[in-house]
Amino acid sequence: MRLSRMCIVVFVGICLAIPAAVVAEPVTINWWHAMRSARGKVVDTMIEEFNKSQSEYVVVGINKGNYDETMNAGVAAFRAKKQPHILQVFEVGTQTMMQSGAVYPVHKLMSDTGHDIKWSNYLQAVLSYYMDAGGNLMSMPFNSSTPIMYYNVDMFKKAGIEPLSKIDPITWDELGDITKKLVEADIAPSGMVTAWQSWTQIENYSAIHNIPFASQANGYESMDCELLINNEQVVKHIQRLSDWAKDKRFMYGGQKYQGPKAEFIAQNAAVYMDSVSGIAKLKKAVKDFKWDAAPLPVEASMKSPQNSIIGGASLWVLNGHSDKEYEGVAAFLNFLANNEMQSYWHKETGYFPITIDAYNDLKGKGYYDENPLQTVGIDQLNRAVPTTISRGLRLGYFVQIRNIINEELELVWNGKKSPQEALDSAAERSNVQLKTFAKTYK
Amino acid sequence: MIKRSTFKSPVLPYLLILPQVVITLTFFYWPAVQGLIQSFLLSDPFGQRSKFVWFYNYIELFTDPLYLKSILITFTFSIAVASVSICLGLFIATMANRALRATALVRTLLIWPYAVAPAISGILWLFLLHPSYGVVALGINKWLGLNWNPVLNGTDAMVMITMASAWKQISYNFVFFMAGLQAVPKSLIEAAAIDGASPLKRFWAITFPLLSPTFFFLSVMNIIYSFFETFGVIHTVTQGGPGGSTNILVYKVYQDGFVGLNLGSSSAQSVVLMSLIILITVLQFRYVEKKVQYSG
């Protein structure tokens, strides 16, 4: 009796297993990302669209927390040989990923799987951040932004200052005059605040003025590079901000964006520098005054300013999967780059469309006439062909380096160090990090 | 004669302690040994290559003036947290030990903050003391005329995280002091009172010495708490800033290892941290415990 029951169980089991084996299951592609809340929903919609568009592959998107946590999850999974196919990594992790030996370069993936991609159709200032020294794309740009300058239109009007151009940047001297007027007339408690000080005031300042941030073409050409941020121009810029801090033309609001943004929204500061992703946030939060955006200021001596550089994250394809799965990955990445997806992504999140096609498509449909704010960042990014200096930064232990720069700048703002001392020490401390990084990979 | 009970089977006792030994080995010794090994290596996060570099990570650490500063900050911070929370815990316990009308209610309310996670406690204090939106901070700057700004001023930031960390630990200390106080024989206090000793005198001459075991235990626990568990407070409130002025050791381990992915340096820091805490605990047991009276 018992034996026959056993037979039935086995038979039923086999019956259940067969359909799964006979009908070809779609190949699963795992994508670990750091996009949460509103952005997470946009990502989910994009994945859904892809899954609906074909039946061979199923992309599964999993949020692994913030950028640090996502990268860590990827690292841990790779060590346990359970890595996802696609991992989203923030821009400062680029060098670590590139040197890791754990990635399948995107340019190679695309050509291996027979996708003929016209890379010249992509925004070059975005691509160049993720290329190796030979100009090969290592990871697929996903969410890219750049810093711009927001200002309080009502305050400007009150002080009799004309609204700023959305294309031509004002000079730093002009900004000094504007903030002076605003503060002296008691229209604004303080002049400007800045989010992400290392990114906006040193990394982007250097790129826009074509000043090397680090030797070896900002680290692109060799890991044996050193920071060069203690140069005369950057020191002078920080000196200026520190002088402005004394007469309230500059106010320090914290390392990230929350503090500075709060100061701008509370109308404690008339000018606010932050990523273009601030557009959506300000639209939601500001109710009681008018604001607008302009490109970041440049030095009067800089007649044709360079492009600004990006921040954000890109998609890395990890090693250790089958060819069939990589075909799915390539198809998915290609799908993400199409006009429809790019314009959806851009409209919903404010991050840049990564192809010129998508940009022109939106332009043709009149999107930028209705949303002129969105052009400020794109124009600033595209106003020049990236040089070997303005194409991006390629540094090991970049997270620590940004921390060091933040720390040293704070010592300038609270008067403990002079700009020269602080930047010298930032460079010296960062060079130790760079040395250790290079030693690890040699 | 001390009463002893012995196991008849030689295997059973070992079997009984086995689960605890397995847990300790897997969750304490194994990671500790891993950390120790990792601290002598330079390796990339993906584990593709690693190199034995002897004491390179340690040399880099101890030649970094900021690391030494971080050790100093950690000591200042933990001594501040331990003394604030122990003093206030003791004070509140002494007050609450009197005959009150709603004793149970008062005690429960005083114990509550211990249930708050450090990160939450940090956020709560940040909401009060942030220079841009903190209610108390606005008051301090407006009415006291101070220039309170923990975003920029290192000392202010230190005061803020000390308060946030000590606040919830006060409850913990309160519970132990409360228990300790109830164990003090009433007869001694009454006798002293009849002899004309003032309340303060009674406290210093009788209660305080009898509380010394509790005191000792709490000083160890509070220092360990401020070394490790205050991570949540630092992470939510200052992230080690401004200018590295609240960058305590455990936060630096996290920053360098988890965020920066420099596993070698981070492991070396963990080893240093582990050695420090072992050293402190041993010192406490050797020198402080001698002065402790365990029985009246």
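Reading guide: rules and limits
Residues numbered from 1 in each chain as written. Chains lettered and ligands numbered in written order. Predicted model: local features only at pLDDT ≥ 70, side-chain atom pairs only at ≥ 80, totals over all residues. Axes fitted to C-alpha atoms, helices over the stretch in contact; angles between N-to-C directions. Helix = DSSP H or I, 4+ residues; strand = E, 2+ residues; numbered from the N terminus. Parallel < 35°, antiparallel > 145°, perpendicular 65-115°, else oblique. Left-handed = near helix turned anticlockwise from the far one by under 90°. Contact = placed C-beta atoms within 7 Å. Nonpolar A, V, L, I, M, F, W, Y, C, P; charged D, E, K, R; others polar. Buried ≥ 20, exposed ≤ 12 C-beta atoms within 10 Å, placed from the backbone. Pairing = 2+ DSSP bridges. pLDDT = per-residue confidence, 0-100.

Peer 1: Residue-level account of the packing of helix 9 (residues 197-208) of chain A against helix 11 (residues 232-246) of chain A, with values.
Peer 2: All names here are of chain A. For the pair helix 9 and helix 11, interaxial distance at closest approach is 11 Å and the crossing angle is 140°. Between helix 9 and helix 11, the interaxial angle falls into the category oblique. Considering only the axes of helix 9 and helix 11, their crossing is right-handed. For the pair helix 9 and helix 11, the contacting residues are Gln201, Ile202, Tyr205 and Ser206 in the first and Val234, His237 and Leu241 in the second. By residue class, the composition of the contact of helix 9 with helix 11 is four nonpolar, three polar and no charged.

Peer 1: Pulling in residues and values, what's your account of the interface of chain A and chain B?
Peer 2: Many authors give the size of an interface as the accessible area that is lost as the parts come together. Every contact between the two is made by 33 residues of chain A and, on the other side, 24 residues of chain B. For the side of chain A that touches chain B, the elements supplying multiple residues, two or more each, are helix 3 (67-79), helix 4 (94-99), helix 12 (258-265), helix 19 (398-413) and helix 20 (419-440) of chain A. Among the elements that line the side of chain A that touches chain B, the one with the most residues is helix 19 of chain A, at eight residues. Classifying every residue of the side of chain A that touches chain B gives twelve nonpolar, 14 polar and seven charged.

Peer 1: I'd like to hear about the pairing of strand 3 (residues 86-90) of chain A, residue by residue, with values.
Peer 2: Within a regular strand, side chains alternate between the sheet's two faces. Residues and elements named next belong to chain A. Strand 3 sits mainly inside the fold: five of its five residues count as buried. Here strand 3 shows no split at all, with Ile86, Gln88 and Phe90 on one side and Leu87 and Val89 on the other all buried. Summarising the sheet, strand 1 (residues 27-33) and strand 3 pair through two bridges and their orientation is parallel. In the strand pairing of strand 3, tryptophan 32 is matched with leucine 87. The pairing of strand 3 with strand 9 (residues 311-317) spans five bridges and is classified as antiparallel. The residue of strand 9 that forms the bridge with valine 89 is serine 314.

Peer 1: Quick rundown of the sheet that holds strand 5 (residues 147-152) of chain A? Include the residues and the values.
Peer 2: Residue and element names in this part refer to chain A. Pairing in this open sheet of four strands is mixed, and the strands run 6-7-5-8 from one edge to the other. Whereas interior strands pair on both sides, the edge strands pair on one side only; in this sheet they are strand 6 (190-194) and strand 8 (291-294). Geometrically, the sheet is characterised by an average inter-axis angle of 20° between neighbouring strands, direction not taken into account. Note that strand 6 and strand 7 (residues 269-275) share four bridges and pair parallel. Paired with methionine 192 across the bridge in strand 7 is valine 271.

Peer 1: Before we move on, could you go through the sheet that holds strand 9 of chain A and cite the residues and values that matter?
Peer 2: All names here are of chain A. The strand order across the open sheet built from five strands is 2-1-3-9-4, with neighbouring strands paired in mixed fashion. Edge positions in the sheet fall to strand 2 (57-63) and strand 4 (140-145), since each has one partner strand and no second. Averaged over all adjacent pairs, the angle separating strand axes in this sheet is 20°, with direction ignored. Relative to strand 2, strand 1 is paired through seven bridges, and the arrangement is parallel. Residue tryptophan 32 lies in a different strand from strand 2, and its bridge partner there is isoleucine 62. In this fold helix 14 (residues 323-336) packs onto strand 1, strand 2, strand 3, strand 4 and strand 9, with an angle of close to 55° to the strand it touches most, strand 1.

Peer 1: Just give me the short version of the pairing of strand 9 of chain A, but keep the residues and values in it.
Peer 2: Residues and elements named next belong to chain A. A large share of strand 9 lies buried, amounting to seven of its seven residues. Burial along strand 9 is two-sided: Gly311, Ala313, Leu315 and Val317 and Gly312, Ser314 and Trp316, pointing in opposite directions, are all buried. Across five bridges, strand 4 lies against strand 9 in antiparallel orientation. Bridge pairing in strand 9 links methionine 140 to leucine 315.

Peer 1: Just give me the short version of unusual backbone geometry, but keep the residues and values in it.
Peer 2: Here glycine 241 of chain B and proline 242 of chain B are connected by a cis peptide whose omega angle stands at -10°. Looking at the element boundaries, proline 242 of chain B is found in the loop between helix 11 (231-237) and helix 12 (249-259). For asparagine 210 of chain A, which is not glycine, the phi dihedral falls at a positive 55°. With respect to the helices, strands and loops of the structure, asparagine 210 of chain A is situated in the loop between helix 9 and helix 10 (215-218). Not every positive phi belongs to a glycine, and lysine 248 of chain A is a case in point at roughly 70°. Look at lysine 248 of chain A and you get partly exposed, because 17 C-beta atoms sit within 10 Å.

Peer 1: Tell me about the confidence of the model for chain B, and please be specific about residues and values.
Peer 2: Atom-level detail of predicted coordinates should not be read off regions where pLDDT is low. This prediction gives chain B a mean pLDDT of 89; 97% of its residues lie at or above 70. Interface confidence for the predicted complex, expressed as ipTM, amounts to 0.81; the pTM equals 0.86.

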